[in-house]
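Below are the chains, spelled out letter by letter.
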Amino acid sequence: MNIVPANKSDLDACNNLLRASDEEVEEKVNELLEWVQDINWPVAVPICERLKNIGSPLVGPVKKILLSNDEVWKYWVISGLLSKASNETVCSLKAELENIVENPTEAEKAEEINIVASEVLVKCQ
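Residues take numbers from 1 onward in each chain, read along the sequence in its written order. Residue-level local features of this predicted model are given only where pLDDT is at least 70; pairs of side-chain atoms are given and counted only at 80 or more, and the full residue set underlies all totals for whole chains, interfaces and linings. No hydrogens and no water enter the side-chain calculation; it runs on all heavy atoms of the structure.

This part covers the nonpolar core. Residues enter a nonpolar core if they are buried and are Ala, Val, Leu, Ile, Met, Phe, Trp, Tyr or Cys, with the set joined through side-chain atoms within 4.5 Å. When accessible area is computed with a 1.4 Å probe and restricted to protein chains, residues below 20% of their type maximum are described as buried, those above 50% as exposed, and intermediate ones as partly exposed. Counting 39 residues, the largest nonpolar core has L33, I47, L51, V62, I78 and L97 as its most contacted members. Those elements that provide at least two residues to this core are α1 (11–19), α3 (29–33), α4 (44–51), α5 (59–66), α6 (71–82), α8 (94–102) and α10 (113–121). By definition, residues are in contact when any of their heavy atoms lie within 4.5 Å. Discounting chain neighbours no more than four positions away, the residues touching I78 are L66, S83, L97, I100, I113, V116, A117 and V120. Secondary structure follows DSSP: runs of H or I at least 4 residues long count as helices, runs of E at least 2 residues long count as strands, and numbering of each begins at the N terminus.

Spelled out as structure tokens, the structure:
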């Protein structure tokens, strides 16, 4: 059962993803997160819906994205995934999110990543 889309319209893989066990999903987190680089892709929202529930296995891979220079990906991961994730998951990324809010790069400001990061940090209060 393939749970990682082959292309941006591979909704069959998304249907498999919804039925997959957490263990199966955890093994493919990095590959799945690649499909969240553009929330307008048909597969992005279903992937966010499934990933939001896996908790701590999401933290390491998302941290790498938040520390990257891919501002668009950061924006979609924060607004499309972390906004729906548990408070515990978001708070595990609190230091990275706070750094974006308090010390945003010019590129992060241009993409309004500091604003969406501030909005999800409310989950940690």
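Picking up where we left off.
Time to look at α1. For α1, the full list of buried residues reads A13, C14, N16 and L17. Along the axis of α1, the buried residues cluster in a sector spanning 160°; they form a single face. Exposed and oriented more than 90 degrees from the buried face of α1 are D12 and R19. Tucked inside the fold, the buried residues of α1 contact α2 (22–27), α3 and α4. By arc we mean the arc of the directions from the helix axis to the C-beta atoms, nothing more.

What follows deals with the side chain of K74. Along the chain, K74 falls in helix α6. Leaving out residues up to four positions away in the same chain, K74 has contacts with I65, L66, S68, E108 and I113.

Another point: the pattern of salt bridges. We define a salt bridge as a contact between a side-chain nitrogen of Lys or Arg and a carboxyl oxygen of Asp or Glu at a distance within 4 Å. Tallied over the full model, the rule gives nine salt bridges. The partner of D22 in a salt bridge is R50, and the shortest N-O contact between them spans 2.8 Å. Of this pair, D22 sits in helix α2 while R50 sits in helix α4, and the two are 28 residues apart along the sequence. For D22, a relative accessible area of 33% puts it in the partly exposed group. Here R50 falls in the buried class, since its relative accessible area comes to 9%. Note that K94 is salt-bridged to E98, the shortest N-O span being 3.9 Å.

Running from N to C, α6 and α10 point in directions that differ by 25°, and their axes come no closer than 10 Å. In terms of their interaxial angle, α6 and α10 are classed as roughly parallel. Crossing angle aside, the handedness with which α6 passes α10 is left-handed. Taken together, the residues of α10 that come into contact with α6 (itself represented by E71, K74, Y75, I78, S79 and L82) are I113, V116, A117 and V120. Partitioned by chemical class, the residues of the contact of α6 with α10 number seven nonpolar, one polar and two charged. The axes are straight lines fitted to the C-alpha atoms, using for helices just the contacting stretch, and the angles between their N-to-C directions are given from 0 to 180°. With respect to orientation, any angle under 35 degrees is reported as roughly parallel, any angle over 145 as roughly antiparallel, any angle of 65 to 115 as roughly perpendicular, and every other angle as oblique. The hand of a helix crossing depends on one turn: near helix anticlockwise from the far one by less than a right angle means left-handed, and clockwise means right-handed. For this scheme, ten residues count as nonpolar: Ala, Val, Leu, Ile, Met, Phe, Trp, Tyr, Cys and Pro. Four count as charged, namely Asp, Glu, Lys and Arg, and the remainder, Gly too, count as polar.

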